[in-house]
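Analysis of the macromolecular model
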Amino acid sequence: MPQYNFLCRACKKEFSKILTLSEHEKGKIVCPHCKSKDVEQRWAAFYAVTSKKI
Ligand SMILES: [Zn+2]
């Protein structure tokens, strides 16, 4: 399963999560540090960046 890296815009901490594609598509990513949903994805190498807004 792919691991995704994220940066929280609220607390500026980075974290990683292993998500299924369906979980990722739903966009329910929450910062484990401050519970903010304002997270930015840091793309892993094997996925192309899309312009889709999270
Ligand atoms: Zn945070």
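Presented here is an overview of the structure given in this document. (Residues numbered from 1 in each chain as written. Predicted model: local features only at pLDDT ≥ 70, side-chain atom pairs only at ≥ 80, totals over all residues. Heavy atoms only, no water.)

Comments concerning the pattern of salt bridges
Quick note on the threshold: Salt bridges are defined by distance alone: a side-chain nitrogen of Lys or Arg within 4 Å of a carboxyl oxygen of Asp or Glu. Strands are runs of DSSP state E lasting at least two residues, helices are runs of H or I lasting at least four, and both sets are numbered from the N terminus onward.
One pass over the full model with this rule turns up four salt bridges. Between Glu 40 and Arg 9 there is a salt bridge; the shortest N-O distance is 3.2 Å. Taken together, the positions of Glu 40 in strand β3 (residues 39–42) and Arg 9 in the loop between β1 (3–8) and β2 (14–18) put the pair 31 residues apart, joining distant regions of the chain. Through salt bridges with shared partners, a single ionic network connects Arg 9, Glu 14, Asp 38, Glu 40 and Arg 42.

Focus on the packing of aromatic side chains
We count it as follows: For this analysis, a ring pair means two rings from Phe, Tyr or Trp (six-membered ring only for Trp) whose centres lie within 6.5 Å, classed as stacked if their planes differ by under 30 degrees, edge-to-face if by over 60, and tilted for the remaining angles. Burial classes follow relative accessibility: with a 1.4 Å probe on protein chains only, a residue under 20% of its type's maximum area counts as buried, one over 50% as exposed, and anything between as partly exposed.
One pass over the full model with this rule turns up two aromatic pairs. Taking the centre distance of 6.4 Å and the plane angle of 40° together, the rings of Tyr 4 and Phe 6 count as tilted. Judged by its relative accessible area of 2%, Tyr 4 falls in the buried class. With a relative accessible area of 3%, Phe 6 lands in the buried category. Summarising the aromatic geometry, the rings of Phe 6 and Phe 15 are spaced 5.5 Å apart at their centres and angled 20° between planes, so their arrangement reads as stacked. In this structure, Phe 6 and Phe 15 share a single accessibility class: buried. Ring pairing ties together the aromatic residues Tyr 4, Phe 6 and Phe 15, which thus form one cluster.

Comments concerning the coordination of the zinc ion
Cut-off, in case you're wondering: Coordinating N, O and S atoms are those within 2.8 Å of the metal (3.2 Å for Na, K and Ca), and as water is not part of the atoms, a site may appear to have fewer donors than expected. For four-coordinate sites, all angles between 85 and 135 degrees define a tetrahedron; for four- and six-coordinate sites, opposite donors beyond 155 degrees with the remaining angles between 65 and 115 define square planar and octahedral shapes respectively, and all other cases count as irregular.
Listed as protein donors to the zinc ion are Cys 8 (SG), Cys 11 (SG), Cys 31 (SG) and Cys 34 (SG); their distances from the metal cover 2.3 Å. Note that the zinc ion binds four donor atoms; their angles at the metal cover 105 to 117°, and the shape is tetrahedral. All donors to the zinc ion come from one chain, and their sequence spacing reads C-x2-C-x19-C-x2-C. With Cys 11 in the loop between β1 and β2 and Cys 34 in the loop between α1 (21–26) and β3, the pair connects residues that are 23 residues apart, well separated along the chain.

What about the environment of His 24?
The criterion, for reference: The contact definition used throughout considers only heavy atoms, calling two residues in contact when any of these lie within 4.5 Å.
By the secondary structure assignment, His 24 is in helix α1. Spatially, the C-alpha atom of His 24 lies 9.2 Å from that of Tyr 4, the residues being 20 residues apart in sequence. What His 24 contacts, discounting residues up to four positions off in sequence, is Tyr 4, Leu 19, Gln 41 and Trp 43.

What is shown is where atoms sit, not what they do.
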